[in-house]
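Topology and contacts: notes
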Amino acid sequence: MQISRRGFLKYCIGSAAALGLPLSVVGKLEEALGAVTDGLPKVVWLAGANCTGCTVSLANRISNEGPTDLADLLTGYIDLAYHPNLMGAAGDQAVQRLHEATSDDFILVVEGGIPTAFGGHTCMLWTENGVDVTAQAAVQDLSARAAAVLSIGTCASHGGIPAGNPNPTGIVSVSELTGLQTINIPGCPTHPDWIVWTIANLLAGEVPALDSQGRPQALYQGYIHSSCPYRNAHEAEQFGRAGSCLEDLGCKGKITRADCPSRKWNGGVNWCIGAGSICLGCTESGFPDSFSPFYAEQESDSHDSSDSSDSNSGSDSDDSSSGSDSGSSDDDSSTGGDSGGTTTSLQIEVADWRRKGKTLVVQGRTAPDAMVMIANAATGTLYGVIAADSDGRWRLVKRRVAEPPCRVHVEAGQLARERNVRGAPRKCV
């Protein structure tokens with residue numbers, strides 16, 4: 001069964017609470033329902049370097065109300081003119097349909113990163129007049145003419161797994177390729193509700209407020225750890241311990257923004273941590289490289305009050321009074337400027353050993369919401385990746401460090417700084 005655009009609008013209104021739609025959007029959807037016409041917004045969905053996981057995720061959104069499956073959803077309220085996995089047309093017929101759809105207003109949806117090496121010829125989307133059209137050329141052309149550009153999944157939003165080191169095909173995100181502001185809906189894969197929520201807002205004539213990574217703030221504003229039901233539970237020392245916090249086993253919930261704990265997956269049945277897995281940080285820029293190794297301990301971030309109290313006790317200041325002074329060495333190492341990124345400054349304000357040499361504390365300031373990487377300056381050992389808060393402040397608290405660093409290396413965007421660790425033991429590395 002297919003539903004009309006009217007049916008989809010009714011579904012969005014009826015499911016407003018589940019989707020998390022604000023009342024202002026619900027009101028505009030009701031107005032749109034009263035004035036609905038037969039015209040459907042045309043959508044061109046391109047697939048770059050990807051595993052098609054986001055399409056599969058959307059296909060798994062099965063409901064007893066409104067659109068019952070992907071076919072209902074995509075053919076009922078939009079005119080899906082082009083989708084390599086779902087359209088019935090093929091070959092020249094599909095290309096002709098594409099040209100017809102893009103001759104007027106249309107929405108461009110991109111799933112997957114965009115290869116740029118070898119002239120983009122590692123990813124071909126279609127053949128026209130005997131010429132293979134690359135994903136790079138197609139996205140550059142169509143994005144310039146689209147009414148809106150949606151990047152579905154982490155690959156399209158930030159590069160994702162295809163852009164991981166060594167990135168031989170030169171994968172970039174859609175926004176990096178085009179220089180345009182895209183609406184990014186990251187996730188590996190993205191949650192189907194996030195896609196429906198964003199499209200519902202667009203149908204209501206509202207472009208959702210975006211954060212510094214181009215994501216809808218309403219969907220990605222909270223840290224997973226802050227809403228995790230296990231945040232105050234006993235820290236697990238091995239997997240398979242139900243109801244335990246997995247932070248010591250590598251969970252990235254402290255540095256990952258998404259509403260997974262409340263929304264869950266598969267119709268609200270479960271989510272990664274509920275199934276006994278760690279959060280991998282898949283909705284964040286820099287995934288997967290900046291979050292690897294996945295199963296390394298991640299004790300960081302100032303958003304956890306327990307960490308804050310750990311590092312501000314009276315004994316901390318006493319323990320950090322000895323050792324090499326870091327005050328004169330903050331900017332000994334610096335790379336790059338601001339090309340290609342949003343980070344314009346980076347400061348290391350504190351780099352201390354505290355609590356009798358058991359805790360490493362590094363903190364500073366950078367651009368709001370920027371991702372900050374902290375490592376051993378000598379060995380390159382990664383201690384953590386942190387998201388700066390809305391004021392640009394960031395803070396890492398790392399306990400039980402196997403090889404105490406003499407000096408730390410910090411990166412944010414294209415900037416890098418180093419600083420000596422005050423109070424470091426003589427056998428530091």
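Look above for the structure.
Residues numbered from 1 in each chain as written. Predicted model: local features only at pLDDT ≥ 70, side-chain atom pairs only at ≥ 80, totals over all residues. Heavy atoms only, no water.

1. A short note on the overall build of the chain
Heads up, the condition is: Secondary structure follows DSSP: runs of H or I at least 4 residues long count as helices, runs of E at least 2 residues long count as strands, and numbering of each begins at the N terminus. Burial status follows relative accessibility: with a 1.4 Å probe on protein chains alone, a residue under 20% of its type maximum counts as buried, one over 50% as exposed, and anything between as partly exposed. Every residue pair with non-hydrogen atoms within 4.5 Å of one another is taken to be in contact.
In terms of regular secondary structure, the chain is built from 15 helices and 16 strands. Across the 429 residues of the chain, 51% fall into the buried class. Relative to all contacts within the chain whose residues are 6 or more apart in sequence, the contacts with residues 24 or more apart total 71%.

2. Digging into the state of the cysteines
Two cysteines joined by a covalent bond between their sulfur atoms form a disulfide. Heads up, the rule is: Put simply, a disulfide is two cysteine sulfurs that come within 2.5 Å.
By the definition in use, this model includes one disulfide. A disulfide bridge connects Cys406 with Cys428, and the sulfur atoms are separated by 1.9 Å. Handedness here is read from the sign of the S-S torsion; for Cys406 and Cys428, about 100 degrees, the answer is right-handed. Residue Cys406 is located in the loop between β14 (393–399) and β15 (407–412), and its partner Cys428 is located in the segment after β16 (415–420); the two are separated by 22 residues in the primary sequence. Look at Cys406 and you get partly exposed, because its relative accessible area is 26%. Cys228 carries a free sulfur, and the closest cysteine sulfur to it, the one in Cys245, is 6.5 Å from it.

3. Quick notes on the nonpolar core
Side chains of a nonpolar character, in soluble globular proteins, are inclined to be buried together. The cut-off we apply is this: Each nonpolar core is a collection of buried residues, namely Ala, Val, Leu, Ile, Met, Phe, Trp, Tyr and Cys, held together in the definition by side-chain atoms within 4.5 Å.
The biggest cluster of nonpolar side chains holds 31 residues, and the ones touching the most others in it are Leu150, Ile152 and Trp194. For this core, the elements supplying multiple residues, two or more each, are β1 (42–47), α4 (53–59), β7 (148–152), β9 (183–185), α10 (192–203) and α11 (217–220). Looking at this core element by element, the count peaks at five residues for α10. If you look at the next biggest cluster of nonpolar residues, it comprises 26 residues, including Cys123, Trp126, Val139 and Val172.

4. Considering the sheet that holds strand β11 (residues 359–366)
Rule in force here: Pairing between strands is defined by DSSP: at least two bridges between them are needed. All axes here are fitted lines through C-alpha atoms, helices being fitted over the stretch that makes contact, and every angle between N-to-C directions spans 0 to 180 degrees.
If you walk across this open sheet you meet the three strands as β10-β11-β14, and the pairing is antiparallel. This sheet does not close on itself; its edge strands, each paired only once, are β10 (346–354) and β14. With direction set aside, neighbouring strand axes in the sheet form an average angle of 10 degrees.

5. Observations regarding the sheet that holds β16
If you walk across this open sheet you meet the four strands as β13-β12-β15-β16, and the pairing is antiparallel. Only two strands of the sheet have a single partner each, and these edge strands are β13 (382–387) and β16. Taking the axes of each pair of neighbouring strands and ignoring which way they run, one obtains an average angle of 20 degrees across the sheet. Two elements, β15 and β16, share six bridges in a ladder whose sense is antiparallel. Paired with Arg407 across the strands is Asn420, a residue of β16.

6. Description of empty space enclosed by the protein
Note the cut-off: A 1.4 Å probe that fits but cannot get out identifies a cavity on a 1 Å grid over protein atoms alone, an open set with protein on both sides within 12 Å along at least five of seven lines counts as a pocket, and a residue lines either if it has an atom within 4 Å of a point. Grid points are joined across faces, edges and corners, and a volume is the space filled by probe spheres set on the points. Think of it as three bins: nonpolar holds Ala, Val, Leu, Ile, Met, Phe, Trp, Tyr, Cys and Pro, charged holds Asp, Glu, Lys and Arg, and polar takes everything else, Gly as well.
All told, the structure shown has one cavity of 30 Å³ or more when counted by the stated rule. When its volume is computed, the largest cavity comes out at roughly 70 Å³. Looking at the largest cavity, the residues that line it are Ile224, His225, Cys228, Tyr230, Ser244, Cys245, Leu246, Glu247, Cys251, Gly253 and Ile273. The class makeup of the residues in the lining of the largest cavity is seven nonpolar, three polar and one charged.

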